Amino acid sequence: QASRARGPKPTSETAKPRVRAKPFARDSMAGRSPSLLPWLLLFLGFQCRVAAGSAGCVNASCSSAPVDAEEDPAALLQSAAVRQHRAEAVEPVCYSGVQSIEQYLKCLRSVPIEPARRDCTLDIVFGQLRSVYTYSDLVHDSHNTDARLAHGFNFKVHEMKLGGEIDMMEMELRSETSAGMLALKLMGMFGKLQDAHTGMHVNPLTHTDIVPPFTIDVSLDPTTESMQFTISASAPWSPGALVGKVIHSINGGAPLDYFLEIARISAIDKSPGTQLNRYLRKQWLTGVPPAKGSFSVTLEGGDTYEVSWKVFIQEEACGLGDDFRICSRVEQLNGGCPNIADLMQTCFTHNPTFDNMAGFFDTLGSDAHCGIGKKGTPVRDVLRGARGWQQANQATGQPNRDSPRDPLPGETPETPVIREELLGKPRSTDAARNFAPFSVIESVADTCYAIKVDVGGGAFAAVLKIVSFAQWNDLRLCASAAVDLATEVSDGRLIVDVIGNGGGYVSSGYLLNRYLYSMMVGSKMTDPTGYCEWYDLPENDELTAFVKMAEHGLPDLASQRDPGDFILDLAKRMTTGVEALRRDPTWFGRNQKAGALFYAAKCLRDLVEGFQVPLKHTDAWKPFESMYNQCVEIAAPWGGSRQDIFGYSPSNVHPKDLSPPTWDYYLNPVTKRRGGRLRKFSQKTFLGGSCLGYQAMYPE
């Protein structure tokens, strides 16, 4: 529409139907995407209109008239009003849609944060790092440790010295005045930890895509036997001539080095190869951009192009509902969303998960999380004060997002762009498939693969690739196929690849060990507990408190001064627990526990109200005490009869694999040097609940 603003209106003979093509799909016109022109007009045309105002523009493609001259007078008046507003408008700082990395960072820097909320956030984050997570002190110097590998093993320990960097980061963040930059730096720090179990979830960043100028396919160059990077598609803002070309260098260096650096930004793996494979599967980043938004790419043949990354912020990035939609640049230039600054501050400083968790602790009576989320100020009440922007939108005629809106003056139907339109469908296969001929013999989605690899010279390798330790029944399908394959093609030799796995059930790992050893000819692994692994747990205050409570067990009813009051007080505390868990039952995932507490509390109240509390040491006392115990069992304290605490339970002590289950392994810690520091750990023990051989010995 904008491209013909100065030209004649097409007649019925010349008019052609509009076809919306994916921007990465190219047509025959100079190698350009059919949707590129509207994008250029969107980025360049509106900048021109703001600068020139009613004075007009210097060329036809930058027309200040958003409608055709032949349209009705009302439209012309509306157009004049829009032009007048744009002449006076200030360029938006924060908006949804595609933008440069520089604009994105400018937006983040503009979002303020209250010092109290900043300090609260940092107290929680760094408190967790230094207390709960098991590796917290290893990152100071992973090589400074007294741990020694068993005879015959030669694994290398990744060198990690992030402790000092984390300490410096905390000092820096204590003076940060921007909520956006605080979130960005924290996400970047967690990325450097390279740990799949640890992360930082900030809604507006998690729902922001950092999109590359092109996507790549990777193959093996048969001549040099090195990795070859071929551009498979280019973004609308990148030259179409890039497509199908092999990259010679990036910024004068090897393309592999560049993409390894990019893949490291949001890595959850410690292996650079796994990091690269993970990036190649989707080929965009989340939240945290590269250090430099632009770079120079030189193709084989010598042609060099300057290309750039872009940022796509979703309208719903706040995750706080339709009332907190981030308006586009065009909407704001047309007078919409005047309170966008307040919206962005709320967007960054109110995480529903955090507020629900704060409410959970507050319901339990704990003044946790710096007092944020106390009773009377749940997130819905906090957000209500920021909803003035919605009324302001209604006053300026901006629509709510309950239904799709019509394009604003100057917008084109192509303006709303999502990630899939920029990059096409996410890649569903690893780029590694091009490196060596291999075939998948058996697979279970997101769990495992049994793979036959041609290693040349008529030889083959059998590989059992573990993606995650899911239920054993699923894992066994791949394990069985891999064992059969190894017998057939590699004289029984099997490679078990667990690099980059996402964790899972310890019991599945135990059972995998048991199965593989049972299939191994001449294996000496005959002990029913031999396939179970010894663990040592880092001591921390949280787990210590629970273990001490579990060790002492539940209070004895007969020892209570007033059993009736004790029972009613216990029922009241159970009810409080139910109310706390219901603050967000979906997130906490404790519906079953809430139900158990609810019915246990009801059982206890019915017991006191329906029966007179008998005197102790009378014939009526034992039946009454028995009914009390049955009510308590409904609540499944400690996870049930096994006294389970977050997956830990009474178990044995190394090296006595058949010693009876107690908490002695945790209550009698040992001191070890880890990361250059002395720390207390439990003695080695089985995770008894996962070792079937140990369970058979002690079924209780």
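The paragraphs below set out a description of the structure included in this document. (Residues numbered from 1 in each chain as written. Predicted model: local features only at pLDDT ≥ 70, side-chain atom pairs only at ≥ 80, totals over all residues. Heavy atoms only, no water.)

### Concerning the pairing of strand β8 (residues 304-308)
- Strand direction decides the pairing type here: strand β7 (residues 294-299) and β8, joined by five bridges, are antiparallel. Residue pairing for β8: F295 is matched across the bridge by V307.
- Counted along the chain from β7 to the antiparallel partner β8, the turn is four residues long, and its residue G301 has a positive phi close to 115°. (Pairing = 2+ DSSP bridges. Helix = DSSP H or I, 4+ residues; strand = E, 2+ residues; numbered from the N terminus.)

### Thoughts on the nonpolar core
- Core analysis: the largest hydrophobic core is formed by 66 residues, its most contacted members being F214 and F259.
- With 10 residues, helix α6 (residues 179-193) is the single largest residue contributor to this core.
- Filtering out sequence-adjacent residues up to four positions away, F214 remains in contact with I231, A233, S234, A235, L242, I247, F259, F295, V297 and V307.
- Judged by nonpolar contacts, the second largest core, of 23 residues, contains F360, M574, A601 and F624. (Core = buried A, V, L, I, M, F, W, Y, C linked by side-chain atoms within 4.5 Å. Buried < 20%, exposed > 50% of the residue type's maximum accessible area, 1.4 Å probe, protein only. Contact = heavy atoms within 4.5 Å.)

### Regarding the environment of F126
- Note on placement: F126 falls in helix α4 (residues 115-131).
- Looking at F126, the relative accessible area reads 2%, which means it is buried.
- C-alpha of F126 to C-alpha of D167: the two residues are 41 residues apart in sequence and 9.1 Å apart in space.
- If near-sequence neighbours (up to four positions away) are discounted, F126 is found in contact with I166, E170, L173 and M189.

### Some thoughts on the pattern of salt bridges
- Per the stated rule, a full pass over the model turns up 17 salt bridges.
- A salt bridge links E172 to K185; the nearest nitrogen and oxygen atoms lie 2.8 Å apart. Taken together, the positions of E172 in helix α5 (residues 162-173) and K185 in helix α6 put the pair 13 residues apart, joining distant regions of the chain.
- Residue K185 is classed as partly exposed on the basis of its relative accessible area of 22%.
- Its salt-bridge partner being K602, residue D606 comes within 3.1 Å of it at the nearest N-O pair. Residue D606 and its partner K602 are both found in helix α21 (residues 591-610); the two are separated by four residues, about one turn of the helix.
- Taking the relative accessible area as the measure of exposure, K602 reaches 39% and is therefore partly exposed.
- It is possible to trace a salt-bridge network through shared partners that takes in R118, D119, D123, E170 and R174. (Salt bridge = Lys/Arg side-chain N within 4 Å of Asp/Glu carboxyl O.)

### Overview of empty space enclosed by the protein
- Counting across every chain of the model gives four cavities of 30 Å³ or more.
- A volume near 70 Å³ is recorded for the largest cavity.
- Lining the largest cavity are 13 residues, with P204, T208, I313, M344 and F348 positioned closest to its centre.
- Put simply, the parts of the chain that give the lining of the largest cavity at least two residues each are α3 (101-110), α7 (203-206) and α11 (340-349).
- Taken together, the residues of the lining of the largest cavity break down into 12 nonpolar, one polar and no charged. (1 Å grid on protein atoms, 1.4 Å probe; cavity = no way out; pocket = protein on both sides within 12 Å on 5 of 7 lines; lining within 4 Å. Points joined across faces, edges and corners; volume = space filled by probe spheres on them. Nonpolar A, V, L, I, M, F, W, Y, C, P; charged D, E, K, R; others polar.)

### Side note on the state of the cysteines
- Counting across every chain of the model gives six disulfides.
- The disulfide partner of C603 is C631, and the S-S distance across this bridge is 1.9 Å. Linking C603 and C631, the disulfide has an S-S dihedral of approximately -60° and is accordingly described as left-handed. With C603 in helix α21 and C631 in helix α22 (residues 621-634), this pair connects stretches of sequence that are 28 residues apart.
- With a relative accessible area of 2%, C631 lands in the buried category. (Disulfide = S-S within 2.5 Å.)

### Topic: the packing of helix α16 (residues 472-489) against helix α17 (residues 506-519)
- At a minimum axis separation of 10 Å, α16 and α17 run at an interaxial angle of 25°. With respect to each other, α16 and α17 are oriented roughly parallel. Where α16 crosses over α17, the handedness of that crossing is right-handed. Along its contact with α16, which presents W472, L475, R476, A479, S480 and V483, the element α17 presents S508, L511, L512, Y515, L516 and M519. (Axes fitted to C-alpha atoms, helices over the stretch in contact; angles between N-to-C directions. Parallel < 35°, antiparallel > 145°, perpendicular 65-115°, else oblique. Left-handed = near helix turned anticlockwise from the far one by under 90°.)

### Examining a nonpolar patch on the surface
- Residues L149, F153 and F155 make up a contiguous nonpolar surface patch of about 360 Å² in total accessible area.
- Counting through the fold element by element, L149 comes out in the loop between α4 and α5. (Patch = residues over 30% accessible without salt bridge, like charges linked within 9 Å, V, L, I, M, F, W, Y side chains within 5 Å. Areas by Shrake-Rupley, 256 points an atom, 1.4 Å probe, with all protein chains shown as cover.)

### Brief notes about the packing of aromatic side chains
- Throughout the structure, instances matching the rule amount to 12 aromatic pairs.
- On the basis of an interplanar angle of 35° and a centroid distance of 6.1 Å, the ring pair of W621 and F624 is categorised as tilted. One end of the pair, W621, and the other, F624, are both in helix α22, three residues apart, so they sit about a helical turn from each other. Here W621 and F624 have matching classes, each one buried.
- Plain terms: the ring middles of F686 and Y694 are 6.1 Å apart, the flat faces sit at 85° to each other, and that makes the pair edge-to-face. As far as the burial class goes, F686 and Y694 line up, both buried.
- Among the aromatic residues, those joined into a ring-pair cluster are F214, F229, Y258, F259 and F295.
- A cation over a ring is seen here: K452 above F460, with NZ or CZ 4.5 Å from the ring centre.
- Directly above the ring of F681 sits R674, whose terminal nitrogen or CZ lies 5.6 Å from the centroid. (Phe/Tyr/Trp six-rings, centres within 6.5 Å; stacked < 30°, edge-to-face > 60°. Lys NZ or Arg CZ within 6 Å of the ring centre and 35° of its normal.)

### Some details on the sheet that holds strand β2 (residues 208-211)
- If you walk across this open sheet you meet the four strands as β1-β9-β2-β6, and the pairing is antiparallel. Every interior strand has two partners, whereas the edge strands, β1 (97-100) and β6 (285-286), have only one.
- Sheet topology places β2 next to β6; two bridges connect them, and they run antiparallel. Each residue of the ladder has a partner; that of I210, found in β6, is L285.
- In this fold α3 packs onto β1, β2 and β9 (310-313), with an angle of close to 100° to the strand it touches most, β1.

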